[in-house]
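Chain by chain, the residues:
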Amino acid sequence: MMYGGMRGIKGLVTETSVLDPDEGIRFRGYSIPECQKILPTAGGKGEEPLPEGLFWLLVTGQVPTQAQADSITQEWNNRAALPNHVITMLNNFPSNLHPMSQFSAAITALNSESKFAKAYAEGVNKKLYWEYTYEDSMDMIAKLPTVAAIIYNNLYRDGATPAAIDNNKDWTANFVKMIGFEDPAFVELMRLYFTIHSDHEGGNVSAHTTHLVGSALSDPYLSFAAGINGLAGPLHGLANQEVLGWVTKLQEELGGEVSDDQLRNFIWNTLKSGQVVPGYGHAVLRKTDPRYTCQREFALKHLPNDPLFKLVSQIYKVVPDILIEQGKAKNPWPNVDAHSGVLLQYYKLTQMNYYTVLFGVSRALGCMASLIWDRALGLPIERPKSFDTPGLKKLVGAK
């Protein structure tokens, strides 16, 4: 376990969510289907849960009322403005700088606004650290959609100025409007997307990195920027981009209608060439990811005849048996990344390089909820003990 990336070592306490190998993710004890039923929605404008409501749940442990979720919406709308220096920096980035690099740099630069850093420099009592962490977290989450929209518009919409924040719209609806989309079904998809990608217990790279850097009392902006740099890795958040690239390649090589036998041959060739089937397997889960399932249910409701969705459904039918036969995968079932790109493509958000930015906007909800509690509980700097190989050999009596 120590040589295997600490896989399975129990060494963290994270209150906001727990990932059960068989049940999947639970946010403060509630499964994704339960969250879809109990969390407030956008009223007559949609049925999917508001990310604002999930954030309330993650921070407080209590299911919010509609009024409480709406109060978070208003807080975030009021805090959304960016300082001019961040806007200038984003507008001066070269077009060949990856969207995640731009996103990380902007979050780092936003630490000019950190209330925690200012209070710490002035010698604030450590019992109040959590209050300033909360204020920074609320400010940052409010500003992330605007940051993400400027990046998208500069790269893909000829530098269009994001639409102004509309106080009659929720956090997600404002983001969708800022990047130039209008379809109410796409707004619904993004509400679901931001909710289910928000948190995945504490051991994933982005959550753990945010906690680790925050434990040094780096302010929330610096801490989350570090987490975002981890999310940008192909073994973590960038996987959704890789999945869609692989599915698109499959579609191009095999054509429109694909038989199960053709699909099996393609997948076996992929495996025999030393590659993996992206979007399948998970470090903890041992069943189909509930985040995959709820996206599939959304697709069955809104785009049942989409060719790419049909192909993903066919892959879902074929791949697990092949991976079981191969015998190497501990979990042959699909994870969240196996589906999200297909849905985004359907609604014409086709720029795969940008997908992980969406993941990052969502992941702020869980990372910041946990960081608030890290400071409220007064958790110390994280500093585990490490061994060298001779020391480990001595420990276990090996020669």
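Here is what the cut-offs are and how they apply
- Residues numbered from 1 in each chain as written.
- Predicted model: local features only at pLDDT ≥ 70, side-chain atom pairs only at ≥ 80, totals over all residues.
- Heavy atoms only, no water.
- Helix = DSSP H or I, 4+ residues; strand = E, 2+ residues; numbered from the N terminus.
- Buried < 20%, exposed > 50% of the residue type's maximum accessible area, 1.4 Å probe, protein only.
- Contact = heavy atoms within 4.5 Å.
- Areas by Shrake-Rupley, 256 points an atom, 1.4 Å probe, with all protein chains shown as cover.
- Phe/Tyr/Trp six-rings, centres within 6.5 Å; stacked < 30°, edge-to-face > 60°.
- UniProt positions renumbered as here; feature names shortened; annotations may be inferred.
- Polar contact = N/O pair within 3.5 Å; in protein donor to acceptor, adjacent residues only side chain to side chain.
- Pairing = 2+ DSSP bridges.
- Domains from an automatic or database assignment.
- Buried area = accessible area lost by both parts, 1.4 Å probe.
- Salt bridge = Lys/Arg side-chain N within 4 Å of Asp/Glu carboxyl O.

Undergrad: What's the story with the overall build of the protein chain in this structure? I'm lost.
TA: Within the protein chain, the secondary structure is distributed over 18 helices and three strands. Overall size of the protein chain, expressed as C-alpha extent along the three principal axes, is 65 × 65 × 45 Å. Counting every position in the protein chain, which comprises 399 residues, the buried fraction comes to 50%. Long-range pairs, those at least 24 residues apart, make up 75% of the contacts in the protein chain between residues at least 6 apart in sequence. Total accessible area on the protein chain stands at roughly 18300 Å², and carbon and sulfur atoms take up 53% of it.

Undergrad: What is the right way to look at the packing of aromatic side chains in this model?
TA: Between two aromatic rings, the relevant description is the distance of the centres plus the angle of the planes. Counted under the stated rule, the structure contains 17 aromatic pairs. Ring plane angle 20° and centroid distance 6.3 Å describe the contact between Phe 116 and Tyr 120, whose orientation is recorded as stacked. Linking Phe 116 with Tyr 120, this pair stays in helix H6 (residues 115–121), spanning four residues, or about one helical turn. Taking relative accessible area as the criterion, Phe 116 reaches 3% and is therefore assigned buried. For Tyr 120, a relative accessible area of 44% gives the class partly exposed.

Undergrad: Teacher, can you tell me more about the UniProt feature "active site" (unreviewed entry) in the protein chain here?
TA: The UniProt record annotates "active site" (unreviewed entry) at His 236, His 282 and Asp 337. Spatial clustering of the annotated residues is evident: they stretch over 102 residues in sequence, but the largest pairwise C-alpha distance comes to 10.4 Å. Looking at the element boundaries, His 236 is found in the loop between helix H11 (220–231) and helix H12 (239–254). According to the relative accessible area criterion, His 236 is buried, its value standing at 14%. Ignoring sequence-local partners within four residues, the contact set of His 236 consists of Asn 204, Val 205, Ser 206, Gly 230, Leu 231, Asp 337 and Arg 363. Of the polar contacts made by the side chain of His 236, one reaches the side chain of Ser 206; its length is 2.9 Å. Mapped onto the secondary structure, His 282 falls in the loop between helix H13 (260–272) and helix H14 (290–302). Non-local contacts of His 282, meaning those with residues more than four positions away in its chain, are made with Leu 19, His 200, Arg 291, Asn 331 and Asn 335.

Undergrad: Would you take a moment to explain the pairing of strand E2 (residues 24–27) for this structure?
TA: Side chains on a regular strand alternate between the two faces of the sheet. Judged from the four bridges that link them, strand E1 (residues 17–20) and E2 form a sheet pairing that is antiparallel. In the strand pairing of E2, Leu 19 is matched with Ile 25. Once E1 ends, the chain turns through three residues before running back antiparallel as E2. Strand direction decides the pairing type here: E2 and strand E3 (residues 30–31), joined by two bridges, are antiparallel. Bridge pairing links Arg 26 to Ser 31 in E3.

Undergrad: Honestly, the environment of Trp 76 in this entry has me stumped. Any pointers?
TA: Considering the arrangement of structural elements, one finds Trp 76 in helix H3 (residues 66–78). Looking at Trp 76, the relative accessible area reads 1%, which means it is buried. Considered as a pair, Trp 76 and Asp 170 are 94 residues apart in the sequence and their alpha carbons are 8.9 Å apart. Look past the residues within four positions of Trp 76 in its chain and what remains in contact with it is Glu 52, Phe 55, Met 138, Ile 141, Ala 142, Trp 171 and Leu 365.

Undergrad: Explanation requested: the environment of Leu 300 in the structure shown.
TA: Relative to the elements of secondary structure, Leu 300 occurs in helix H14. As a C-alpha pair, Leu 300 and Tyr 152 span 148 residues in sequence and 28 Å in three-dimensional space.

Undergrad: What is the right way to look at the domain arrangement of the protein chain in this model?
TA: Much of the literature gives interface size as the accessible area that the parts lose upon coming together. Parsing the protein chain into structural domains produces domain 1 (17–234 + 353–377) and domain 2 (237–347). Measuring from the centre of the C-alpha atoms in domain 1 to the corresponding centre in domain 2 gives 27 Å. The interface is formed by 35 residues belonging to domain 1 together with 27 residues belonging to domain 2. Both sides together, the interface formed by domain 1 and domain 2 hides about 2500 Å², and carbon and sulfur atoms give 65% of it. Applying the counting criterion to the domain 1 and domain 2 interface returns one salt bridge. The partner of Lys 301 in a salt bridge is Glu 47, and the shortest N-O contact between them spans 2.8 Å.

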